[in-house]
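Understanding the architecture of this molecule
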Amino acid sequence: MAATGQVKNPTATMGFAGRRVSDTRSTNLIRIMLLLVIAGGWEALSRSGLLFRDVVPSIFSIWASMWKLLGTPAFYVNLQVTAWEIFASLAIGAGLGVAVGIVLGANRFLGAAFEPYVYYLAPTPRIIFFPVMIMWFGVGVASKIALGALSCFFTVALSTAGGMREVDKVLIRVGRSFRATPWQMATKIYLPAMRAPVLNGIRLGFGTATVTALLAETKLSNQGLGFMIMQIYSRFDMPSLYGLLIIVFILAGIGNLILGKVTGTSA
Amino acid sequence: MTLASTAATGALSGQSQLVIENVFKQFGEGPGAVTAVDHVSFDVKPGEFVSVIGPSGCGKSTLFNIIGGLLDEYSGNVMIERERIAGPHKAVGMVFQEESTFPWRNVVENVAFPLELQGVNKSERLDRAHHFIDLVGLKGFEKLMPSALSGGMRQRVSIARTLVSGPQILLMDEPFAALDEQTRLLLGDKITQIQQDLNQTTLLITHNLTEAVQLSDRIVVMTYRPGKVKRIVNIDLPRPRTSDVVSSDAFGHYVAEIWADLREEASRGMADSESARRASSRG
């Protein structure tokens, strides 16, 4: 493939960047307007009295309970528990996933033999294993970590195996022609070449681990944000429930953003 | 290998640095087997520039992989300093046809790669890399990533990366195949100049006739499947050479002479691929 080597036209580049800035501005405007429209519609619905008042509480009461939640120590205790569950399950699941992915990607025979299992098991709902995990690890944090690790393992293993196979063959031949040792092949060619797919797999794994941890907490637990959601629900404290949901959304978004920045993969 | 030992063994083997002896390679087995390289023999002397030319499908790339030690299962011998090679030989530096720069390394880091493998310390690594970057005419581009370079520049990075490892034999597989004609001629100049400056023993695999005549001391013409040596032509054009040589009468004479041989092989190859296409469209 011969890319033509043109020196980039500076004015063209600037024009392009300029357009991009105004694009971002108008998309931001649309996004904010969408939020305002939803909030306005919600508030109107709430005040119209068409629906049961407690199901659609006023924006202002949600806002107030949100701040109240952020002021309670219990929230932070639960947040810590959930964050630890996600972190631990990602560390275990992604670690195993990368290791297994490398083995499946490197060995054509093992890949052909076992990858179908990983491939077809990957989209199955892991939450059905939750009762098993409770029996093995108890109702506490450990069962959530086990289930979360199981969930993100598949995503990471598949993307690692795929990334390994997609390493440009000619780069491997270059390494061999310079008589690289197996260790040098791994650290100087395979790992850097696989960086993007592996990190992307870990990012997707983070999403899966988050979903699984929260879902498991809502099912059976004694701490964590999912547990807190169910507690509030049992009191039928709708403003607090919505407030907590919004907080969880924002936190998950921030977590994803940070991970995206750290791994250098955008969106 | 030191210069002294090269000279000593060279004297014993009649100055031959690289000897290809009865090399035979077949892919597959039984009636469906394809003979890619059929008892090919030739040699490359120290400081000499030899090209292997032939139509697509004459087993050129197979030969390249065998000589480079990337393809182990073949019969016959590839000898360097009178020893049969086993795997990639340290005397051979390969330049590949495909895009082969590391996209995650900038130009200096790419060029310094083989030195990094050898455990050369950083300051010496950079010194030597800069020297060869300069030699291929990429001074000022050291910090750029390959994605910011043109195809021709990236191929020069690959060539510098191979030269920095100090190969006794430079082995190149159609390194300019993906480039346009002008870039190809200018890069040819660069290669000629480097080869003359370093007295670099070079074996070039190509399907481009003008390129082969422009650069070579000798040309090995291959037949279309199975790939045999059809003829070896000495190119007695004066050195030092530049791309200006392409306008000389002698150059035209050589091109016409080799083309007569090559045309026959190329048209056999074309007929073959057409009948194969017809067969597959029928089936």
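Residues numbered from 1 in each chain as written. Chains lettered and ligands numbered in written order. Predicted model: local features only at pLDDT ≥ 70, side-chain atom pairs only at ≥ 80, totals over all residues.

1. Considering the overall build of chain B
Tallying secondary structure elements over chain B gives 9 helices and 10 strands in all. Taking 19 Å as the expected radius of gyration for a compact globule of 283 residues, we find that chain B reaches 19 Å, a close match to that expectation. Judged by the C-alpha coordinates and their principal axes, chain B covers about 60 × 45 × 40 Å. Within chain B, buried positions represent 41% of all 283 residues. At a minimum sequence separation of 6, the contacts of chain B that also span at least 24 residues come to 70%. (Helix = DSSP H or I, 4+ residues; strand = E, 2+ residues; numbered from the N terminus. Rg over C-alpha atoms; globule rule 2.2 N^0.38 Å. Buried ≥ 20, exposed ≤ 12 C-beta atoms within 10 Å, placed from the backbone. Contact = placed C-beta atoms within 7 Å.)

2. Observations regarding the confidence of the model for chain B
Residues and elements named next belong to chain B. A residue-level look at chain B finds 94% of positions with pLDDT of 70 or above and a mean pLDDT of 85. Of all helices and strands in chain B, the one with the weakest mean pLDDT is helix α1 (residues 3–12) (41), whereas helix α3 (residues 107–111) scores best (96). Scored below 50 in pLDDT, residues 1–14 shows 12 contacts in the model against residues more than four places distant or in partner chains. (pLDDT = per-residue confidence, 0-100.)

3. Side note on the pairing of strand β9 (residues 218–222) of chain B
Residue and element names in this part refer to chain B. The element β9 is extensively covered by neighbouring structure, given that 4 of its 5 residues are classed as buried. With 4 bridges joining them, strand β3 (residues 49–53) and β9 adopt parallel strand pairing. The residue bridging valine 52 from the neighbouring strand is valine 220, located in β9. Looking at chain direction, β9 and strand β10 (residues 229–234) are connected through 5 bridges and run antiparallel. Bridged to arginine 218 within β10 is asparagine 234. Here β9 hands over to β10 after 6 residues, the two strands then running antiparallel side by side. (Pairing = 2+ DSSP bridges.)

4. A few points about helix α2 (residues 60–67) of chain B
All names here are of chain B. Within α2, 7 of the 8 residues are buried, which leaves it mostly tucked inside the rest of the structure. The set of residues buried in α2 consists of Lys60, Thr62, Leu63, Phe64, Asn65, Ile66 and Ile67. Looking one or two residues past α2, glycine 69 carries a phi angle of roughly 80 degrees, positive in sign.

5. Focus: the interface of chain B and chain A
Taken together, the contact pairs 22 residues of chain B with 16 residues of chain A. Broken down by secondary-structure element, the contributors of at least two residues to the side of chain B that touches chain A are α4 (113–118) and α6 (151–164) of chain B. Counting residues per element, the side of chain B that touches chain A draws most heavily on α6(B), at 3 residues. Across the side of chain B that touches chain A, the residue classes tally to 12 nonpolar, 6 polar and 4 charged. (Nonpolar A, V, L, I, M, F, W, Y, C, P; charged D, E, K, R; others polar.)

6. What about the domain arrangement of chain B?
Residue and element names in this part refer to chain B. With domains assigned, chain B is organised as domain 1 (1–91 + 167–246 + 267–283) and domain 2 (99–166). In this complex, domain 1 contributes 10 residues to the contact, which on the side of domain 2 involves 11 residues. Among the elements that take part in the side of domain 1 that touches domain 2, helix α7 (residues 181–198) stands out by supplying 4 residues, more than any other. Here the residues of the side of domain 1 that touches domain 2 sort into 8 nonpolar, 1 polar and 1 charged. (Domains from an automatic or database assignment.)

7. Remarks on the nonpolar core
If you look at the biggest cluster of nonpolar residues, it comprises 69 residues, and the most contacted ones within it are B:Leu63, B:Val111, B:Ile133, B:Ala160 and B:Leu171. The element that contributes the greatest number of residues to this core is α6(B), accounting for 6 residues. With residues up to four places along the chain from it excluded, the contact list for B:Leu63 reads B:Val23, B:Val37, B:Val40, B:Val52 and B:Ile205. Counting 42 residues, the second-largest nonpolar core is a separate cluster that includes A:Val98, A:Met133, A:Leu158 and A:Met228. (Core = buried A, V, L, I, M, F, W, Y, C linked by C-beta atoms within 7 Å.)

8. Describing the sheet that holds β9(B)
Strand-to-strand pairing in sheets goes through backbone hydrogen bonds, with the strands running parallel or antiparallel. Residue and element names in this part refer to chain B. Taken in spatial order, the 6 strands line up as β6-β7-β8-β3-β9-β10 in an open sheet, and their pairing is mixed. Because the sheet does not close on itself, it has two edges, and the strands there are β6 (92–95) and β10. This sheet shows a mean twist of 15 degrees between the axes of neighbouring strands, independent of strand direction. The strands that α6 touches are β6 and β7 (169–173); relative to β6, the one it contacts most, it runs at about 170 degrees. (Axes fitted to C-alpha atoms, helices over the stretch in contact; angles between N-to-C directions.)

9. Remarks on unusual backbone geometry
All names here are of chain B. Look at histidine 39: it is not a glycine, yet its phi comes out positive at around 45 degrees. Residue class for histidine 39 comes out partly exposed when judged on the 15 C-beta atoms lying within 10 Å of it. For arginine 82, which is not glycine, the phi torsion reads 65 degrees and is therefore positive. Topologically, arginine 82 is positioned in the loop between β4 (75–80) and β5 (83–84). In this structure arginine 82 comes out as exposed when scored by C-beta crowding, with 12 C-beta atoms within 10 Å.

10. Things to note about the packing of helix α8 (residues 182–219) of chain A against helix α10 (residues 238–263) of chain A
Residues and elements named next belong to chain A. At their nearest, the axes of α8 and α10 sit 10 Å apart, and the two run at 165 degrees to each other. Between α8 and α10, the angle falls in the class roughly antiparallel. Crossing of α8 against α10: the hand is right-handed. Residues Leu199, Ile202, Arg203, Phe206, Gly207 and Thr210 of α8 touch α10, and the partners they reach there are Ala252, Gly255, Asn256, Leu259, Gly260 and Thr263. The class makeup of the residues in the contact of α8 with α10 is 5 nonpolar, 6 polar and 1 charged. (Parallel < 35°, antiparallel > 145°, perpendicular 65-115°, else oblique. Left-handed = near helix turned anticlockwise from the far one by under 90°.)

11. With respect to the sheet that holds β4(B)
All names here are of chain B. Within the open sheet, the 4 strands sit side by side as β2-β1-β4-β5. Their pairing is antiparallel. Each of the sheet's edge strands pairs with one partner strand only, and the pair in question is β2 (34–44) and β5. In the sheet, β4 pairs with β5 via 2 bridges, with the strands oriented antiparallel. Paired with methionine 79 across the strands is arginine 84, a residue of β5. Along the sheet, α2 contacts β1 (18–27), β2 and β4; its crossing angle with β1, the most-contacted strand, is approximately 120 degrees.

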